[in-house]
Amino acid sequence: MVNSHRKLIFHIYIGFYCSAITLPKICICSQFSTPFINQFSKDPEAFPVTTNGEPFPWRDLRLPHMAIPLHYDLLVHPNLTSLDFAASEKIEILVREATQFIILHSKDLEIMNATLHSEEDLRYKKPGKKLKVLSYPAHEQIALLVPEELIADVRYYVAINFQAKLADGFEGFYKSTYRTSGGETRTIAVTDFQPTEARMAFPCFDEPLFKANFTIKIRRESRHIALSNMPKVRTIELKEGLLEDHFEATVKMSTYLVAYIVCDFNSVSGTTLSGVKVSIYASPEKWSQTHYALDTSLKLLDFYENYFHISYPLPKLDLVAIPDFGPGAMENWGLITYRETSLLFDPKTSSASDKLWVTKVIAHELAHQWFGNLVTMEWWNDIWLNEGFATYMELISINATYPELQFDDYFLNVCFEAIAKDTLNSSRPISNPAETPTEVQEMFDVVSYNKGACILNMLKDFLTDEKFQEGITHYIRKFSYRNAKNDDLWGSLSNSCLEGDFISGGFCYSNSKMTSNTLSFLKKNVEINEMMNTWTLQKGIPLVVVKQEGRSLRLHQELFLKGVFREDPEWGTLQKRYLWQIPLTYSTSSSNMIHRHVLKSKRDTLELPEKTSWLKFNVDSNGYYIVHYEGHGWDHLITQLNQNHTLLRPKDRVGLIHDAFQLVSAGRLTLDKALDLTRYLQHETSSPALLKGLGHLELLYHMMDGRNISDVTENLKHYILRYFKAMIDKQSWSDEGSIFDRLLRSALLKLACDLNHPPCIQKAAELFSRWMESSGKLNIPADVLKIVYSVGAQTTGGWNYLLEQYGLSMSGAEKNKILYALSTSKHQENLVKLIKLGMEGKVIKTQDFAPLLHAIARNPKGQHLAWNFVRENWTHLLKKFDLGSFAMRVIISGTTSHFSSKDELQEVKLFFQSLKAQGSHLDIFQIVLETITNNIKWLEKNLNTLKTWLLVNV
């Protein structure tokens, strides 16, 4: 699954199934024992109480393993007029231990009846035994009580009839709508089950370990089509004009990957080199925006099959653009669902950033067909094995298939986003306990996705590309159609030899292909499992402190924390528990050679082969650590940047800018030193480095503007416009150039217009006027579209016209740009109107409300408006979004994390305390409080320094 940070949409600063098959080899340790059953019969009062007042025979959130599913036969009939569905299922189960009940997950389903059949019942067509159904909503479970004890190692068949309303949100089996250009509203039905919502569509064993096969049948009207994970094998005509589509049985998979859709969409199709049919589906009027996705999907699927040396295991792959969708995309096996903005590409309104995003999301979801679908984590505590790998494979696949997108440079930001959270004490380990559905939802964050990807990239750099590729291929082959955990991955990477690779003597010659550097590491007894556990089982990021004394390098490592300074009493206590095995790389002024060393202890000393004027650790920013150069280390690097910055690698220059400002937030480097480092940027030609430096200056400007510190705001504005004037003025208002040239152009012109640079405002206003005069038909270059709209939105007439065009546009990319522009209005009544429209969910869809509120909160005129709205409408928000959903986390952090005063901190703290008193608690609460506290500390420590530096440099 791709989450929407993964892309805030506005890019703000950011019959029964019976078969003769052998019993599968299932390695499941039973959580249920005979003493437990006896305890229930002796002391039922020790167990939860069901909805009818009877004791429920199971106490845990996790399901028992005394019965496991083998096959589901599911028939679903959604009614898109009455907005409900009726369904029936038949589950083939294998009893592992004798039991008198079966526990399943079920949420908001009305169970009509349930019956149990033995194999003998089916053979002689006996009616089966009726089961008593008990419900325990607190755990989203039902118990099926059997009249006679089920026998171990015997198969049974459970038949259940049930019904429910199509859900209103974005989970389970829910309704989605879209409007045609003629104003007609059409409804479709779609599923989204990750992580724990399959239980909203059918009673099931809704945990990733319970893999099974699924045979699905869907009833529909003739004006619709039905899609599911597998190809359709036949359609049967029923009474009253209904049709019933039958789909092939799926491969063995987890419940969260099941998917089905009833819609009226059109498609475009192609075939991969290996014969897999790939289709892109969208609403009829958006069909023309599907072609880029088809070309990209075909190319990427071919790449993955070749890279993994494992064929995509299904005969087809559908990618569907859903009008209402919570995450960015969902990797359902064979039927991937997307937000429209994550799949559709409109050449007229989709920018370079949009193209990069669509390519990235498609690459992510296709990688999941192997990482996540073919091999699935055992439990959600290791969701990073799915999401971290899929995020990492974006880098590998896009570099290979679309080198012109320069994704290698973009990937730096993936790691910087992870570091932004991981430098907080409220961060968490990559592998982290999660039991409740809300806790599981919270695992879908930048730690699982971004940090997971970055430590894999670091490990790849350590092992070499070839060794790493061999290891993950071994991992996928060994655990195909099974579940895995952390140690299984490290074991595969430690020994990438497949069983067939060994010769009779027991040696695998693939190891001989490693570079001499890697061999020297292994001679030092670096155990992959031991090393990588320091990165997955403890939170945070290490700071590597380097001090050069002649040809000696003194190294030490410590936990890096924003807002915690060495003079603080808690600093020493926080450091004691943390130690990483860090694969260091460094280069020097004397040579282009990349030196390597594994730092396994708190302190170490290295000897340089020759004298050097400067050195740079973390070559190309491939390592997941921050570096501080004590003594004159930073001065030497700044001197080199000013004299000839090209002697340092482009990605190393990006890394230096990033680390310098991170160190300021921990009191290890003064702000004036970090700002001095950026002064070389007037000579910089690398767009990623320019974007990084500009990003930090822009962040400072918005912080000062939000706090209404007018003198500093004005001086910073004058400094940026003067210092980068030549660069700004040479930008063309076009879509020309490389991907990063285009990204830089968008960033420079947006910043210039935000700072009211007269030539920028004049050009944007002129383009906007011409666009309005053409009734929205003038084609403005997509890379500057958001800038033009934002300037146009500052007049009443322009704002109203944009809102009108928002309702008419058939391009999701354009709608996002318009909505961002509308959120920049300086008139509060406009912002209030946007919030109202977002809550209504008609003109502005509910899926876009969280990023809209985030955008309004970043507008100085809207920051307290958005925050007050959240406080006053919390109950209403919970009716629209699950507590732990990504949307709610964006709403909470997006409206508060920019605060930087003690009064604001107290307000937020009291609000969170009131929510906890009502039983609502999220990890994001502590993250927000720590962020605001750090903002306060940052201002106290650095505001005067910033004022002084600007007076000297303006």
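Up top you'll find the structure we're talking about.
Residues numbered from 1 in each chain as written. Predicted model: local features only at pLDDT ≥ 70, side-chain atom pairs only at ≥ 80, totals over all residues. Heavy atoms only, no water.

A.B. asks: Help me understand the layout of surface pockets in this model?
C.D. replies: The gaps left among the atoms become clear once a water-sized probe is rolled over them. The calculated volume of the largest pocket comes to roughly 1200 Å³. Lining of the largest pocket is provided by 45 residues; of these, Thr 177, Asp 324, Gly 841, Lys 842 and Lys 845 occupy positions nearest its centre. If one sorts the elements of the lining of the largest pocket by residue count, strand E9 (residues 172–179) sits on top with five residues. Split by residue class, the lining of the largest pocket holds 12 nonpolar, 16 polar and 17 charged. (1 Å grid on protein atoms, 1.4 Å probe; cavity = no way out; pocket = protein on both sides within 12 Å on 5 of 7 lines; lining within 4 Å. Points joined across faces, edges and corners; volume = space filled by probe spheres on them. Helix = DSSP H or I, 4+ residues; strand = E, 2+ residues; numbered from the N terminus. Nonpolar A, V, L, I, M, F, W, Y, C, P; charged D, E, K, R; others polar.)

A.B. asks: Sorry if this is basic, but what is going on with the side chain of Asn 386 here?
C.D. replies: Secondary-structure assignment places Asn 386 in helix H6 (residues 384–401). Residue class for Asn 386 comes out buried when judged on its relative accessible area of 0%. (Buried < 20%, exposed > 50% of the residue type's maximum accessible area, 1.4 Å probe, protein only.)

A.B. asks: For this particular structure, what's the right way to read the environment of Leu 905?
C.D. replies: Residue placement: Leu 905 occurs in helix H31 (residues 902–917). In this structure, the C-alpha to C-alpha distance between Leu 905 and Ile 142, residues 763 residues apart in sequence, is 43 Å. Setting aside residues no more than four positions away along its own chain, Leu 905 makes contact with Leu 929, Ile 932, Thr 933 and Ile 936. (Contact = heavy atoms within 4.5 Å.)

A.B. asks: Can you help me understand the state of the cysteines in this one?
C.D. replies: One covalent bond between the sulfur atoms of two cysteine residues makes up a disulfide. Scanning all chains against the criterion turns up two disulfides. Across the disulfide from Cys 415 sits Cys 454; the S-S distance is 2.1 Å. For the disulfide bridge between Cys 415 and Cys 454, the dihedral angle about the S-S bond is near -110°, and by the sign convention the bridge is left-handed. Of this pair, Cys 415 sits in helix H7 (residues 407–422) while Cys 454 sits in helix H9 (residues 446–463), placing them 39 residues apart in sequence. Looking at Cys 415, the relative accessible area reads 10%, which means it is buried. Residue Cys 454 is classed as buried on the basis of its relative accessible area, which comes to 1%. The disulfide bridge from Cys 753 ends at Cys 760, spanning 2.0 Å between sulfur atoms. Between Cys 753 and Cys 760, the S-S dihedral sits near -100°, and the bridge is therefore left-handed. Look at Cys 760 and you get buried, because its relative accessible area is 3%. (Disulfide = S-S within 2.5 Å.)

A.B. asks: Got a minute to help me understand the packing of aromatic side chains in this structure?
C.D. replies: The way to describe two aromatic rings as a pair is by their centre distance and the angle between their planes. Following the criterion strictly, the structure yields 49 aromatic pairs and no others. Judged by centre distance (5.0 Å) and plane angle (75°), the ring pair of Tyr 719 and Trp 949 falls under edge-to-face. Within this pair, whereas Tyr 719 is found in helix H19 (residues 710–723), its partner Trp 949 is found in helix H32 (residues 923–953), the two being separated by 230 residues in sequence. Comparing Tyr 719 with Trp 949, the two get one shared label, buried. When the ring of Trp 771 is compared with that of Tyr 789, the centres are 4.8 Å apart and the planes differ by 50°; the resulting orientation is tilted. Here Trp 771 is found in helix H22 (residues 758–773), whereas its partner Tyr 789 is found in helix H23 (residues 785–792), with 18 residues between them in sequence. Cluster of aromatic residues (ring-pair linked, three or more members): Phe 303, Tyr 304, Tyr 307, Phe 308, Tyr 312, Trp 370, Phe 371, Phe 389, Tyr 475 and Phe 479. The ring of Trp 379 carries Arg 62 above its face, with NZ or CZ at 3.7 Å from the centroid. Taking the ring centre of Tyr 402 as reference, the NZ or CZ of Lys 299 above it sits at 4.3 Å. (Phe/Tyr/Trp six-rings, centres within 6.5 Å; stacked < 30°, edge-to-face > 60°. Lys NZ or Arg CZ within 6 Å of the ring centre and 35° of its normal.)

A.B. asks: Please clarify how the sheet that holds strand E7 (residues 141–150) should be interpreted in this entry.
C.D. replies: To summarise the sheet geometry, strands pair through backbone hydrogen bonds and adopt either a parallel or an antiparallel arrangement. Spatial strand order, E3-E7-E6: three strands in an open sheet with antiparallel pairing. Among the strands making up the open sheet, the edge pair consists of strand E3 (99–105) and strand E6 (132–136). Averaged over all pairs of adjacent strands, the angle between their axes in this sheet comes to 25°, without regard to strand direction. (Pairing = 2+ DSSP bridges. Axes fitted to C-alpha atoms, helices over the stretch in contact; angles between N-to-C directions.)

A.B. asks: Would you take a moment to explain the nonpolar core for this structure?
C.D. replies: One recurring pattern in soluble globular proteins: nonpolar side chains tend to sit buried together. In this structure, Phe 202 and Tyr 260 are the most contacted members of the largest nonpolar core, which totals 322 residues. The element contributing the most residues to this core is H32, with 13 residues. (Core = buried A, V, L, I, M, F, W, Y, C linked by side-chain atoms within 4.5 Å.)

A.B. asks: Just checking my understanding: could you explain the pairing of strand E26 (residues 591–599) for this structure?
C.D. replies: It is a general feature of regular strands that their side chains alternate between the two faces of the sheet. Sheet topology places strand E25 (residues 582–588) next to E26; six bridges connect them, and they run antiparallel. Opposite Tyr 586, over in E26, you have His 595 as the bridge partner. From the end of E25 to the start of E26, which pair antiparallel, there are two residues.

A.B. asks: Where do I start with the sheet that holds strand E2 (residues 84–95) in this structure?
C.D. replies: Strands sit in the order E5-E4-E8-E2-E1-E11-E14-E13 across an open sheet of eight strands; the sheet is mixed. The outermost strands of the open sheet, each flanked by one partner alone, are strand E5 (129–130) and strand E13 (232–237).

A.B. asks: Please explain the pattern of salt bridges as it appears in this structure.
C.D. replies: Two side chains carrying opposite charge are able to pair once their charged atoms lie near each other. For the structure shown, the criterion picks out 43 salt bridges. One salt bridge connects Asp 324 with Lys 845, and the closest N-O pair in it is separated by 2.8 Å. Of this pair, Asp 324 sits in the loop between strand E18 (316–322) and strand E19 (329–330) while Lys 845 sits in the loop between helix H26 (828–840) and helix H27 (849–858), and the two are 521 residues apart along the sequence. Lys 845 gets classed as buried once you look at its relative accessible area, which sits at 18%. Of the charged contacts, one joins Lys 817 and Asp 354 as a salt bridge, the two residues approaching to 2.4 Å between their closest N and O atoms. Placement of the pair is Lys 817 in helix H25 (residues 812–823) and Asp 354 in helix H5 (residues 352–368), with a sequence separation of 463 residues. Residue Lys 817 shares its accessibility class with Asp 354, and that shared class is buried. When salt bridges that share partners are traced, they join Lys 107, Glu 140, Arg 199 and Asp 206 into one network. (Salt bridge = Lys/Arg side-chain N within 4 Å of Asp/Glu carboxyl O.)

A.B. asks: Explanation requested: the side chain of Asp 206 in the structure shown.
C.D. replies: Following the sequence through the fold, Asp 206 ends up in the loop between strand E10 (185–192) and strand E11 (213–220). For Asp 206, a relative accessible area of 2% gives the class buried. What Asp 206 contacts, discounting residues up to four positions off in sequence, is Leu 63, His 105, Pro 195, Thr 196, Glu 197, Ala 198, Arg 199, Thr 255 and Tyr 256.

A.B. asks: Teacher, can you tell me more about the packing of H6 against helix H10 (residues 465–478) here?
C.D. replies: Two numbers describe a pair of packed helices, the interaxial angle and the distance between the axes. One way to put it is that H6 packs onto H10 with a least axis distance of 14 Å and a crossing angle of 140°. Between H6 and H10, the angle is such that the two are oblique. For the pair H6 and H10, the sense of crossing is left-handed. Contacts between H6 and H10 involve Leu 385, Phe 389, Tyr 392 and Met 393 from the former and Phe 468, Ile 472 and Tyr 475 from the latter. A class-by-class count of the residues in the contact of H6 with H10 yields seven nonpolar, no polar and no charged. (Parallel < 35°, antiparallel > 145°, perpendicular 65-115°, else oblique. Left-handed = near helix turned anticlockwise from the far one by under 90°.)

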